[in-house]
Amino acid sequence: MHAFEGGPDSGRYLISCNDPGKLSQFIQSSHQDPGLQLIDTLGPIDTPHTAVYEMAHAKAAELQERFTHSGGLKIEPDQPLSMFGM
């Protein structure tokens, strides 16, 4: 899993969830993890649907494994937007 920005060992990742409450809980608990740096949230302030984090690629792989088993949350590399695939 490789992310768009960051150094060779880290990058930006999107964490999303259809359940805003579950994502909000993750965001609150992530403040205690020094390996996760919250960059931004997307959606309503009180109920975001996506969070952007800077983290090590190894941490992203760990979260992906955890999310696979717990369900609900999804993680993916932040990709640059381009018009018509350019």
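Attention here is on the structure that accompanies the text. In this text, all values refer to a predicted model and were calculated from it rather than measured experimentally.

Focus on the packing of aromatic side chains
- A complete count under the given rule lists 2 aromatic pairs for this structure.
- Relative to Tyr-53, the ring of Phe-26 has its centre 5.9 Å away and its plane inclined at 80 degrees; by these criteria the two rings are edge-to-face. One end of the pair, Phe-26, is in helix 1 (residues 20-30); the other, Tyr-53, is in strand 3 (residues 50-56), and 27 residues separate them in sequence.
- Aromatic side chains Phe-26 and Phe-67 sit 5.6 Å apart centroid to centroid with 80 degrees between the ring planes, which places their arrangement in the edge-to-face category. On the criterion of sequence distance, the pair formed by Phe-26 in helix 1 and Phe-67 in helix 2 (residues 57-70) is long-range, its members being 41 residues apart. Taken individually, Phe-26 and Phe-67 each receive the classification buried, so the pair is uniform in this respect.

Focus: the sheet that holds strand 2 (residues 36-42)
- In space, the 4 strands of this open sheet follow the order 2-3-1-4, with antiparallel pairing throughout. The sheet is open, and its two borders are formed by strand 2 and strand 4 (73-77), each paired with just one other strand. Neighbour to neighbour, the strand axes of the sheet diverge by 30 degrees on average, direction disregarded.
- Here helix 1 sits on the sheet in contact with strand 1 (10-17), strand 2, strand 3 and strand 4, set at roughly 35 degrees to strand 3.
- Along the sheet, helix 2 contacts strand 1, strand 2, strand 3 and strand 4; its crossing angle with strand 3, the most-contacted strand, is approximately 130 degrees.

A short note on helix 2
- Along its 14 residues, helix 2 runs 20 Å from first to last C-alpha, staying within 8% of the 20 Å computed at 1.5 Å per residue.
- Inspection of helix 2 places His-57, Lys-59, Ala-60, Leu-63 and Phe-67 among the buried residues, and these make up the whole buried set. The arc that holds the buried residues of helix 2, viewed along the axis, is 150 degrees, so those residues lie on one side. When the buried face of helix 2 is taken as reference, the exposed residues oriented beyond 90 degrees from it are Ala-58, Thr-68 and His-69.
- Buried residues belonging to helix 2 abut strand 1, helix 1, strand 2, strand 3 and strand 4.
- Positive backbone phi, approximately 75 degrees, marks Gly-71, located one or two places after helix 2.

So, helix 1
- For helix 1, the full list of buried residues reads Leu-23, Phe-26, Ile-27 and Ser-30. Looking straight down helix 1, one finds that the buried residues subtend no more than 100 degrees of arc, so they occupy a single side. Projecting away from the buried face of helix 1 at angles above 90 degrees are the exposed residues Gln-25 and Gln-28.
- Of the surrounding secondary structure, the elements contacted by the buried residues of helix 1 are strand 1, strand 2, strand 3, helix 2 and strand 4.
- Where helix 1 begins, the capping side chain belongs to Asp-19, and its oxygen is found 3.0 Å from the backbone nitrogen of Gly-21.

Rules of the game
Residues numbered from 1 in each chain as written. Predicted model: local features only at pLDDT ≥ 70, side-chain atom pairs only at ≥ 80, totals over all residues. Heavy atoms only, no water. Phe/Tyr/Trp six-rings, centres within 6.5 Å; stacked < 30°, edge-to-face > 60°. Helix = DSSP H or I, 4+ residues; strand = E, 2+ residues; numbered from the N terminus. Buried < 20%, exposed > 50% of the residue type's maximum accessible area, 1.4 Å probe, protein only. Pairing = 2+ DSSP bridges. Axes fitted to C-alpha atoms, helices over the stretch in contact; angles between N-to-C directions. Contact = heavy atoms within 4.5 Å. Expected span 1.5 Å × (residues − 1). Arc of directions from axis to C-beta. Polar contact = N/O pair within 3.5 Å; in protein donor to acceptor, adjacent residues only side chain to side chain.

Nothing here speaks to function; it is geometry throughout.
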